[in-house]
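Residue-level structural notes
Next come the chains, spelled out residue by residue.
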Amino acid sequence: LSLRIEELVALELGWRHVSTELAPTSATLRFEARSRLVLTDDVTVRLAPSPSGLGLTVDAESRSRLAIGDLGANPRNIRALLDVVRTGLIADGGL
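This section reports on the structure supplied with the text. Since this is a predicted model, take the numbers as computed values, not measurements.

1. Examining the nonpolar core
Counting 13 residues, the largest nonpolar core has Trp15, Leu29, Phe31 and Val45 as its most contacted members. No other element matches strand E2 (residues 26–34), which puts four residues into this core.

2. Some thoughts on helix H1 (residues 2–13)
Turn by turn, an α-helix covers 3.6 residues, leaving residues three or four places apart pointing in a common direction. Here H1 is twelve residues long and its end C-alpha atoms lie 16 Å apart, about the 16 Å a rise of 1.5 Å per residue gives. Here H1 has its buried residues at Ser2, Ile5, Glu6, Leu8 and Val9. In a view along the axis of H1, the buried residues occupy a sector of 165 degrees, so they form one face of it. Exposed side of H1, more than 90 degrees from the buried face: Leu3 and Leu11 are the residues found there. One or two positions beyond H1, positive phi appears at glycine 14, with a value near 75 degrees.

3. Topic: the environment of serine 26
Tracing the backbone shows serine 26 in strand E2. Taking the C-alpha atoms as reference points, serine 26 and glycine 14, separated by twelve residues in sequence, lie 24 Å from one another. Beyond its immediate stretch of four places on either side in the chain, serine 26 contacts Glu21, Leu47 and Ala48.

4. Thoughts on the pattern of salt bridges
Two side chains with opposite charge may pair up if their charged atoms get near one another. With the rule as written, the count across this model stands at nine salt bridges. Between glutamate 7 and arginine 4 there is a salt bridge, with the nearest N and O atoms lying 3.8 Å from each other. Taken as a pair, glutamate 7 and arginine 4 lie in helix H1 at a separation of three residues, close to a single helical turn. What makes glutamate 7 partly exposed here is its relative accessible area of 40%. Residue classification places arginine 4 among the partly exposed positions, given a relative accessible area of 30%. Among the ionic pairs, arginine 16 bridges to glutamate 32, the shortest N-O distance being 3.1 Å. Taken together, the residues span a long stretch of sequence, with arginine 16 in strand E1 (residues 16–23) and glutamate 32 in strand E2 at a distance of 16 residues. For arginine 16, a relative accessible area of 48% puts it in the partly exposed group. Members of the salt-bridge network, linked through shared partners, are Arg16, Glu32, Asp42 and Arg65.

Conventions adopted
- Residues numbered from 1 in each chain as written.
- Predicted model: local features only at pLDDT ≥ 70, side-chain atom pairs only at ≥ 80, totals over all residues.
- Heavy atoms only, no water.
- Core = buried A, V, L, I, M, F, W, Y, C linked by side-chain atoms within 4.5 Å.
- Buried < 20%, exposed > 50% of the residue type's maximum accessible area, 1.4 Å probe, protein only.
- Helix = DSSP H or I, 4+ residues; strand = E, 2+ residues; numbered from the N terminus.
- Expected span 1.5 Å × (residues − 1).
- Arc of directions from axis to C-beta.
- Contact = heavy atoms within 4.5 Å.
- Salt bridge = Lys/Arg side-chain N within 4 Å of Asp/Glu carboxyl O.

Spelled out as structure tokens, the structure:
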């Protein structure tokens, strides 16, 4: 599943995949997202089974590398990521 999300994010959002850390029941994916202003944001996505065992928990964060305001880029990154993951998983038939 983490490989599919890596592919979706790279293809749909154009983000660069930096790394993936796999654990027995979870995965952490890291991406670089470049804004229109050529600023880079670091996006981290943690995937784990939901507590009920039905479905997937997606925890994501986006952080600007510069200490200046993000002009709304970080929330946009998270919305775009979740939209791509949700749409891609539905197209693949869910989990």
